[in-house]
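Here is what each chain is made of, one letter per residue.
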Amino acid sequence: MAEYVAPIKDMQFVMKRLVGLDQVNTLPGWEEVTEDVVDAVLEEAGKLASEVLSPLNAVGDKTPAKWKDGNVTTPPGFKEAYQQYVGAGWGNILSPTKFGGQGLPHLLATPIEEMWGAANLAFKLCPMLTQGAIEAIEYVGPESLREKFLPNMVSGKWTGTMNLTEPQAGSDLSLVRTKATPQADGSYRLKGQKIFITYGEHDYTENIVHLVLARIDGAPEGVKGISLLAVPKFLVKDDGSLGARNDVRCVSIEHKLGIHASPTAVMAYGEKDGAIGYLVGEAHRGLEYMFIMMNAARLSVGLEGVAIAERAYQRALAWSRERLQGKPIGGGQGAKSSPQQQPAPIVQHPDVKRMLLTMKSTTEATRALAYWTSALLDRAKKHPDDNERKRCQAMVDLLIPVVKGWSTENGIEVASLGVQVHGGMGFIEETGAAQHLRDARITTIYEGTTGIQANDLVGRKVGREQGKTASILIAEMERLAQQMPQGHKNVHLKDIADRFNSSLARFTEATRWIVEVYPSNPAAVAAGSVYYLKLAGITLGGWMMARSALIAAELLEKGEGDAAFLRGKILTARFYADHVLAQSMGLCSATMRGADSVLAVEEALL
Ligand SMILES: Cc1cc2nc3c(=O)[nH]c(=O)nc-3n(C[C@H](O)[C@H](O)[C@H](O)COP(=O)(O)OP(=O)(O)OC[C@H]3O[C@@H](n4cnc5c(N)ncnc54)[C@H](O)[C@@H]3O)c2cc1C
């Protein structure tokens, strides 16, 4: 079965040429992240992804994590892979240097994280959630908690989880019921049940630090009464060694459509005297803290969409070159059209090429958008100019729901096309195409469904700030029209620019409509919000692809770079402009004119 090969050339192009590695590695503390360092790091990560994590992907699918008497055993090879992963230092690249991490920029961590997600999504979730828990404790936890937990979490000796969801509290976390009762020594005792907790129990490490949303006794109802607490599986003594087992237990794990190797746990807190927990940050501000960390977590899940799409594309491409069926209509590229012609590889059929190019072009567009968002996140964190930091942060806030929502929806579509390219064999598990589709299916659900991302985009991000940041973004995209040379000898550039401008005009029109309608009729905006999110994604992705084509054409003219790769970049952008940007018209119309038919239908008629 074909193993994953990291698309390092495209990653390097996006980082170095498109989204501005030079604007990140000139920020204080990141000067050592030179182009050469980036190349070496991507090379090494690519090896672990291909040689260790990718071969375990199908193993984990066929041999799911198992629960027995409160303990969870992960599939064969996963525990050893985790040791190899943390042993080589991959678990701490984003973590603070003060606690033993490498403190590297998001822009470098992003392609690496894409590799883990493509090679083995179920494996990647454990380090991703640990990173989220580290950030929570680092940002708002008291020094005592940081010192108690962070060194071992950063080194990978312990892992972390995020415990938000309860049976009655999913998208709506104001309904959280888990209770936290204050104790005389300043700690809390927790009682309640959490569900769907990724890696809530496992056998990789000796301890797990759960970050739990709970209500302190007497807290107000709703979102304002929720606090964040750290609850270790084993209590930690003052000298740092492990103490007694805490009153938290994994009651069962779920049987799922995909990501079988990732244990999704039901957690019982306080079956006896109450699980001992420690307040992270101030009481009643737990949800606010979760929102601070949400950007990084949602970017990570958006990247999972890119990752699965890349993996599905690689598998489908390999299959299409081997599978022989029929004769391409019109004779195929470079093929003789004699009647005796042998069956051709299916890659030569125009419709199969269309599917593969849809997969390739949208994967590249989602990748570019996610990496650009990462670069902005780095600048929002470290840029010396206060205004620039604020501008980048506002942009990140606007882009995150698009990256999360659009990339993951696209990941599912691409994985589904991957099955289609395989024909009947795509439906048969042995080829591996079906696993990608099953695994991809969760990415539009966890860390906020697409509907929740779209609500966030049209409500908090566009509607409430009257399109301020969206207008800045639109103005930035409009500059491309001036940059695209009209008389360029590369014939594709003009067509790419034309299609992009028309998509941008549709996005601008829909944005203005939302700003106008949202205050008086938010339900009408909500009815078409997912269409708007997709329109935003497709247009922003088109901007990235058009800029890539322009950069590639300039490099070709100068005789620099890998000519075949650069030609491919231009042609892929041209395909995206003709086939994907063409959808903007329909998405704009459905955003602005689709609400009546949604709102007119009474519930009883559904
Ligand atoms: C495999 C897996 C792993 C998970 N890992 C974790 C984890 O580690 N930690 C954790 O805390 N949770 C985790 N979750 C939970 C996950 O985050 C939730 O499932 C998700 O947020 C959706 O909540 P829900 O399942 O209750 O769906 P619901 O909230 O019931 O949503 C059902 C449908 O209604 C829509 N909907 C709901 N509210 C609105 C609204 N206001 N506007 C528009 N549409 C709306 C949704 O978009 C969706 O289509 C995991 C879930 C799974 C399946």
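The structure reproduced in this document is the subject of the present report. Since this is a predicted model, take the numbers as computed values, not measurements. (Residues numbered from 1 in each chain as written. Predicted model: local features only at pLDDT ≥ 70, side-chain atom pairs only at ≥ 80, totals over all residues. Heavy atoms only, no water.)

**So, the layout of surface pockets**
We apply this condition: Here a cavity is any set of points on a 1 Å grid over the protein atoms alone where a 1.4 Å probe fits but cannot get out, and a pocket is any open set with protein on both sides within 12 Å along at least 5 of 7 lines; a residue lines the site when it has an atom within 4 Å of a point. Grid points are joined across faces, edges and corners, and a volume is the space filled by probe spheres set on the points. Here a helix means four or more residues in a row that DSSP labels H or I, a strand means two or more in a row labelled E, and each is numbered from the N terminus. Just so you know the grouping, Ala, Val, Leu, Ile, Met, Phe, Trp, Tyr, Cys and Pro go in nonpolar, Asp, Glu, Lys and Arg go in charged, and all remaining residues, Gly too, go in polar.
The space that makes up the second largest pocket amounts to roughly 940 Å³. Lining the second largest pocket we find 30 residues, and of these Tyr-313, Leu-357, Lys-360, Gly-568 and Thr-572 sit closest to its centre. Those elements that place two or more of their residues in the lining of the second largest pocket are α1 (8-18), α7 (286-322), α8 (350-382) and α17 (563-580). The greatest single-element share of the lining of the second largest pocket, amounting to eleven residues, is contributed by α17. Its residues assigned to classes, the lining of the second largest pocket comprises twelve nonpolar, six polar and twelve charged.

**Observations regarding the pattern of salt bridges**
Keep this limit in mind: A side-chain nitrogen of Lys or Arg and a carboxyl oxygen of Asp or Glu constitute a salt bridge if their distance falls within 4 Å. Think of it in three bands: with a 1.4 Å probe and only protein chains considered, a residue is buried below 20% of the maximum accessible area for its type, exposed above 50%, and partly exposed in between.
By the definition in use, this model includes 35 salt bridges. A salt bridge links Arg-438 to Asp-61, with the shortest nitrogen-to-oxygen separation between them at 2.7 Å. Pair noted here: Arg-438 is in helix α11 (residues 433-440) and Asp-61 is in helix α2 (residues 35-62), with a separation of 377 residues, a long-range link. We classify Arg-438 as buried; its relative accessible area is 16%. For the salt bridge of Arg-389 with Asp-386, the shortest nitrogen-to-oxygen distance reads 3.0 Å.

**Notes on the site of the ligand**
Keep this limit in mind: Note on definitions. A residue lies near a molecule or strand when any single heavy atom of the residue is within 4 Å of it. Polar contacts, as used here, are pairs of N or O atoms within 3.5 Å; protein pairs need one atom able to donate a hydrogen and one able to accept it. Residues neighboring in sequence count only if both atoms are side-chain atoms.
Neighbouring the ligand are 18 residues, the closest being Thr-165, Ser-171, Phe-196, Thr-198 and Thr-449. Between the ligand and Phe-196, the relevant distance is 2.8 Å, taken from a nitrogen atom to a main-chain nitrogen or oxygen of the residue. Elements represented by at least two residues in the shell around the ligand include exactly β3 (158-163), β5 (188-198) and α12 (450-463). Among the elements that take part in the shell around the ligand, β5 stands out by supplying three residues, more than any other. Grouping the constituent residues of the shell around the ligand by class yields eight nonpolar, eight polar and two charged.

**Re the packing of α12 against helix α14 (residues 491-517)**
The line we're drawing: For helices, the fitted line uses only the C-alpha atoms of the stretch in contact; every axis is such a line through C-alpha atoms, and the angle between N-to-C directions lies from 0 to 180 degrees. Angles are sorted into four bins: roughly parallel if under 35 degrees, roughly antiparallel if over 145, roughly perpendicular if 65 to 115, and oblique for all others. Whether two residues are in contact is decided by their heavy atoms: any pair within 4.5 Å suffices.
Axis separation between α12 and α14 bottoms out at 10 Å; the angle between their running directions is 80 degrees. With respect to α14, the axis of α12 lies roughly perpendicular. When α12 is examined against α14, the residues Val-458, Val-462 and Gly-463 are found in contact with a partner set consisting of Thr-511, Ile-514 and Val-515. For the contact of α12 with α14, a count of residues per class yields four nonpolar, two polar and no charged.

**Remarks on the nonpolar core**
One recurring pattern in soluble globular proteins: nonpolar side chains tend to sit buried together. Put simply, the rule is: In this description, a nonpolar core means a group of buried Ala, Val, Leu, Ile, Met, Phe, Trp, Tyr and Cys residues linked to one another through side-chain atoms lying within 4.5 Å.
Counting residues in each nonpolar core, the largest one holds 141 residues, and the members touching the most others are Met-115, Trp-116, Met-359, Tyr-371 and Trp-372. Broken down by element, this core gets its largest block of residues, 16 residues, from helix α16 (residues 529-558). Apart from residues lying up to four places away in sequence, Trp-372 is in contact with Val-19, Met-395, Leu-399, Leu-473, Glu-476, Trp-543 and Met-544. Counting 32 residues, the second-largest nonpolar core is a separate cluster that includes Val-176, Ala-230, Tyr-289 and Met-290.

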